[in-house]
Amino acid sequence: MVRALRFGVDTDFFSKAPLDSSATVLSVGNDRDRDTVTLVRGLELLKAHVPELEVRIQTRHEVELPSDFVRLPWMSHTELRAEIERATVMVLATRPNLHVSGMTASLEAMSVGRPVVLTNTPGADQYVVPGLHGELATVTDPQSLFASVLHVLNSDPVAYGDRARSAVETGMTSTHMVRQLGDFLSDAIQYA
């Protein structure tokens, strides 16, 4: 029997924070499946439509960022939480993958009460439900990423973030993950 174990997040550490009135897009994470080229191209399109937007990107990939984008260094968890708290939306672009690249950053942002735009790879919809917690963009498509982020910004980021936090609290905390793992192990022992 094969079952999926949904990841969880520490909702005490990544606690809900009020949304600032300034528009800030944040992207973090450095795993091998991040698509920094699509991310930057999509956010350049967005910046052309929303010039006052602040764009903050953490990446180890060697890609040139526009001069008005902020490149973030490696951060401690406390620094990361502060970056998420100042963000309006978390944006994560990935290449095709089967491990839901970006799910940790997604859950951290959702736990803080921020909407997420994530690339639509297999399993992504188990974390980010389009129209509720954020949006899912087409893989390797800067136009789709741009349109998804613009939609969230032009809708109600606070409502998206409230629903995202609620979803985490009701099924994606670290406690939920550990309980589910315990159930899996208990079932495996019974069938052994």
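The rules behind each value
Residues numbered from 1 in each chain as written. Predicted model: local features only at pLDDT ≥ 70, side-chain atom pairs only at ≥ 80, totals over all residues. Heavy atoms only, no water. Helix = DSSP H or I, 4+ residues; strand = E, 2+ residues; numbered from the N terminus. Expected span 1.5 Å × (residues − 1). Buried < 20%, exposed > 50% of the residue type's maximum accessible area, 1.4 Å probe, protein only. Contact = heavy atoms within 4.5 Å. Pairing = 2+ DSSP bridges. Right-handed = clockwise from strand over helix to strand, strands pointing away. Salt bridge = Lys/Arg side-chain N within 4 Å of Asp/Glu carboxyl O. Axes fitted to C-alpha atoms, helices over the stretch in contact; angles between N-to-C directions. Polar contact = N/O pair within 3.5 Å; in protein donor to acceptor, adjacent residues only side chain to side chain. Patch = residues over 30% accessible without salt bridge, like charges linked within 9 Å, V, L, I, M, F, W, Y side chains within 5 Å. Areas by Shrake-Rupley, 256 points an atom, 1.4 Å probe, with all protein chains shown as cover. Phe/Tyr/Trp six-rings, centres within 6.5 Å; stacked < 30°, edge-to-face > 60°. Lys NZ or Arg CZ within 6 Å of the ring centre and 35° of its normal.

Participant: Please clarify how helix α5 (residues 157-171) should be interpreted in this entry.
Facilitator: Helical geometry note: an α-helix holds 3.6 residues per turn, so side chains three or four residues apart project in the same direction. Along its 15 residues, α5 runs 21 Å from first to last C-alpha, staying within 8% of the 21 Å computed at 1.5 Å per residue. By the burial criterion, the buried members of α5 are Pro157, Ala159, Tyr160, Gly161, Ala164, Arg165, Ala167, Val168 and Gly171. Packing partners of the buried residues in α5 comprise α3 (103-112), β6 (134-137), α4 (142-154) and α6 (174-191).

Participant: Please explain the pairing of strand β1 (residues 24-27) as it appears in this structure.
Facilitator: Across a regular strand the side chains alternate sides, sitting on one face of the sheet and then on the other. Here β1 shows no split at all, with Thr24 and Leu26 on one side and Val25 and Ser27 on the other all buried. Bridge count for β1 against strand β2 (residues 54-58) is four bridges, and the pairing is parallel. From the neighbouring strand, Leu26 faces β2, where its bridge partner is Arg56. Regarding topology, helix α1 (residues 36-49) serves as the crossover connection from β1 to the parallel β2, and that connection is right-handed. Bridging between β1 and strand β4 (residues 89-92) involves two bridges; their strand directions are parallel. Pairing of Val25 across the sheet is with Val89, part of β4.

Participant: What should I look at first to understand the pattern of salt bridges in this one?
Facilitator: Opposite charge on two side chains permits pairing when their charged atoms draw close. The full count for this structure, using the stated rule, is seven salt bridges. In this structure, Glu54 and Arg56 form a salt bridge, with 3.0 Å as the shortest nitrogen-oxygen distance. In this structure Arg56 comes out as buried when scored by relative accessible area, which is 10%. Ionic pairing is found between Glu83 and Arg56, a salt bridge with its closest N-O pair at 2.8 Å. Remark: Arg56 occurs in strand β2 and Glu83 occurs in helix α2 (residues 77-86); sequence separation between them is 27 residues.

Participant: Before we go on, may I ask you to explain the sheet that holds β1 in this structure?
Facilitator: Each strand in a sheet pairs with its neighbour through backbone hydrogen bonds, running either in the same direction (parallel) or in the opposite one (antiparallel). Reading across from one edge, β3-β2-β1-β4-β5-β6 is the order of the six strands in this open sheet, with parallel pairing throughout. This sheet does not close on itself; its edge strands, each paired only once, are β3 (69-72) and β6. Sheet twist, expressed as the mean angle between neighbouring strand axes with direction ignored, is 20 degrees. Two elements, strand β5 (residues 116-119) and β6, share four bridges in a ladder whose sense is parallel. Of the residues in β6, the one forming a bridge with Val116 is Gly134.

Participant: Is there a simple way to explain unusual backbone geometry in this structure?
Facilitator: In most cases, non-glycine residues show a negative phi, while peptide bonds are predominantly trans. The backbone of Val100 sits at a positive phi, close to 55 degrees, despite the residue not being glycine. Looking at the secondary structure, you find Val100 in the loop between β4 and α3. In this structure, Thr140 takes a positive phi of about 60 degrees despite not being glycine. Position of Thr140 relative to the elements: it lies in the loop between β6 and α4.

Participant: When you look at the side chain of Arg56 in this model, what are you seeing that I'm missing?
Facilitator: There is a polar contact of 2.8 Å between the side chain of Arg56 and the side chain of Glu83. In this structure, Arg56 is in contact with Thr24, Val25, Leu26, Ser27, Val70, Leu72, Glu83 and Arg86, ignoring residues within four places of it in sequence.

Participant: Where do I start with a nonpolar patch on the surface in this structure?
Facilitator: Side chains of Leu5, Leu181 and Leu185 sit close together on the surface and give an oily, nonpolar patch of about 250 Å² of accessible area. Inspection of the secondary structure assignment puts Leu181 in helix α6. Looking at Leu181, the relative accessible area reads 39%, which means it is partly exposed.

Participant: Whenever I open this one, the packing of aromatic side chains confuses me. Can you help?
Facilitator: Taken as a whole and judged by the stated rule, the model has one aromatic pair. Taking the centre distance of 4.9 Å and the plane angle of 85 degrees together, the rings of Phe13 and Phe14 count as edge-to-face. Exposure remark for Phe13: the relative accessible area of 23% places this residue in the partly exposed category. The lysine or arginine in question, Arg81, covers the ring of Phe13, its NZ or CZ lying 4.1 Å from the ring centre. Across from the ring centre of Tyr160, 5.2 Å away, lies the NZ or CZ of Arg163, which sits over that ring.

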